[in-house]
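# Results of the structural survey
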Amino acid sequence: MSLQVRTRISLKPYNSFAVEACASHFAEAENDQQVRDALSYAQAQQLPLLLLGGGSNLLLTADVEALVLRMASRGIRLLEDDGENVLIEVEAGEPWHSFVQWTLAQGFVGLENLSLIPGTVGAAPVQNIGAYGVELKDCFVGLTALDRSSGELREFPLQACGFAYRDSLFKRESGRWVILRVRFALSRSAALHLGYGPVSQRLVEQGIAMPTAQDVSRAICGIRSEKLPDPAELGNAGSFFKNPLVSAELAQRLRAEHADLVAYPQADGQVKLAAGWLIERAGWKGFREGDAGVHRLQALVLVNYGAATGAQLLNLAQRIQADIAQRFVVDLEIEPNVL
């Protein structure tokens, strides 16, 4: 077996919250065979298997008695190119932002609005990551996954993935699938998505009247860097709560009480509220208790100022949830996976 399994490994370097937790067993898979070896090892040792990508969508609240398998496969392949449209296949362990920057360097358009999102390519479909008016599913073609129960490979086209807002089949069937490779369709001249106010405003401020995909990416990287703390400097997992979907009636009632309510009507008649606005209005922005806190510039981000435990961060999140439910009759859902 080529897989190297180590024991009693600190997971602090492998989660963006920089929370201290210990894995009883830890390994890294650089290819399909090592994934299969990990499954066999975990079964033989009667251990649960926990998949780990970039650790940017994870809150560890205790030590992990499992085989933690970090997906470390690398590779980007151009499968098709007709001069205008391209089909690209990417290994699961590729860092997401580096991949996006690679596509832009090749002159490909489509993923620029998803710049500077932490994590890996293999983890991106699980959450159907999205930002600034674009979701992963908009450029997604398919993926290859390993069924942990049968050991068989399965191809998933777009229609089979069950993508929804920050959701997918792979999230709903957590524990069954290991995503190995993901495929994207991009082009050299697709229309840019400039409908998100701050992005278009930033481009205007920079005097860019005819932006390129790289201009959009740079603008978004600037906005994200100003609003969201760098996990390398301050432990966090980005947006901690999903933007809640509520009925039009509730949104109308809240707007009557709060004229500046940030809300976006949806095609199905529901209304998406800005979770950050709700949390800030409730007075949590900048809150700190010990080393667990809410970021001073972005109320949607919980942060670890140094020595906070996962349990302390979860407790803070639950207090915020209870307060928002009491004040606005809105349920906030935690976005990261809590273990």
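Cut-offs used in this document
- Residues numbered from 1 in each chain as written.
- Predicted model: local features only at pLDDT ≥ 70, side-chain atom pairs only at ≥ 80, totals over all residues.
- Heavy atoms only, no water.
- Helix = DSSP H or I, 4+ residues; strand = E, 2+ residues; numbered from the N terminus.
- Rg over C-alpha atoms; globule rule 2.2 N^0.38 Å.
- Buried < 20%, exposed > 50% of the residue type's maximum accessible area, 1.4 Å probe, protein only.
- Contact = heavy atoms within 4.5 Å.
- Areas by Shrake-Rupley, 256 points an atom, 1.4 Å probe, with all protein chains shown as cover.
- Lys, Arg positive; Asp, Glu negative; His and termini not counted.
- Charge placed at Lys NZ, Arg CZ, Asp CG, Glu CD.
- Pairing = 2+ DSSP bridges.
- Disulfide = S-S within 2.5 Å.
- Polar contact = N/O pair within 3.5 Å; in protein donor to acceptor, adjacent residues only side chain to side chain.
- Salt bridge = Lys/Arg side-chain N within 4 Å of Asp/Glu carboxyl O.
- Expected span 1.5 Å × (residues − 1).

### A word on the overall build of the protein
- When you go through the protein residue by residue, the secondary structure sums to nine helices and 20 strands.
- The C-alpha radius of gyration computed for the protein amounts to 21 Å, which stays within 12% of the reference 20 Å derived for 339 residues, consistent with globular compactness.
- With the C-alpha coordinates aligned to their principal axes, the bounding extent of the protein is approximately 65 × 55 × 35 Å.
- Looking at the protein residue by residue over its 339 residues, the buried ones come to 51%.
- Intrachain contacts of the protein at a sequence separation of at least 6 include 60% that bridge at least 24 residues.
- Surface exposure of the protein reaches about 15,500 Å², of which carbon and sulfur atoms provide 48%.
- Charge separation in the protein, taken as the distance between the mean sites of 31 positive and 38 negative side-chain charges, equals 3 Å.

### Quick notes on the sheet that holds strand β17 (residues 288-289)
- Within the open sheet, the four strands sit side by side as β13-β19-β18-β17. Their pairing is antiparallel. Each edge of the sheet is formed by a strand with only one pairing partner; in this case those strands are β13 (235-239) and β17.

### With respect to the state of the cysteines
- The full count for this structure, using the stated rule, is zero disulfides.
- Cys161 takes part in no disulfide bond, and the closest cysteine sulfur to it belongs to Cys139, at a distance of 14 Å.
- Residue classification places Cys161 among the buried positions, given a relative accessible area of 0%.

### Here we look at the environment of Leu143
- Looking at the secondary structure, you find Leu143 in strand β10 (residues 140-147).
- Owing to a relative accessible area of 0%, Leu143 belongs among the buried residues under this scheme.
- Between the C-alpha atom of Leu143 and that of Ala256, which follows or precedes it by 113 residues, the distance is 45 Å.
- Contacts of Leu143, omitting those with residues within four sequence positions, involve Pro125, Arg154, Glu155, Phe156, Phe170, Ile179, Arg181, Val182 and Arg183.

### Re the environment of Glu226
- Relative to the assigned elements, Glu226 resides in helix α6 (residues 213-227).
- Each C-alpha atom, one on Glu226 and one on Leu297, is 8.4 Å from the other, the two residues being 71 residues apart in sequence.
- The residues touching Glu226, leaving out its near neighbours within four places in the chain, are Arg202 and Leu297.
- Within the local environment of Glu226, its side chain forms a polar contact with the side chain of Arg202, the two groups lying 2.8 Å apart.

### A word on the environment of Val271
- Tracing the sequence through the fold places Val271 in strand β16 (residues 271-273).
- Separated by 189 residues in sequence, Val271 and Asp82 have C-alpha atoms that sit 40 Å apart.
- For Val271, the residues in contact, after removing those within four places along its chain, are Pro244, Leu245, Val246, Ala248, Ala251, Ala263, Tyr264, Pro265 and Gln266.

### What to know about the pattern of salt bridges
- Overall, the coordinates contain 24 salt bridges when judged by the stated rule.
- Across the salt bridge formed by Arg176 and Glu173, the nearest N and O atoms sit 3.6 Å from each other.
- You can call Arg176 partly exposed: its relative accessible area is 34%.
- With a relative accessible area of 28%, Glu173 lands in the partly exposed category.
- Residues Lys242 and Glu333 are paired through a salt bridge, measuring 3.2 Å at the closest nitrogen-oxygen approach. Residue Lys242 is found in the loop between β13 and β14 (245-246), and its partner Glu333 is found in the loop between α9 (310-328) and β20 (337-338); the two are separated by 91 residues along the sequence.
- By relative accessible area, Glu333 is classed as partly exposed at 45%.

### Concerning α9
- In this model α9 runs 27 Å from its N-terminal to its C-terminal C-alpha over 19 residues, within 8% of the 27 Å that 1.5 Å per residue would give.
- Taken together, the buried positions of α9 are Gly310, Leu313, Leu314, Leu316, Ala317, Ile320, Asp323, Ile324 and Phe328.
- If you follow the buried residues of α9, they end up packed against β4 (58-59), α7 (248-257), α8 (275-281), β18 (292-294), β19 (301-304) and β20.
- Positive phi appears at Val329, one or two residues downstream of α9, with a value of about 60°.

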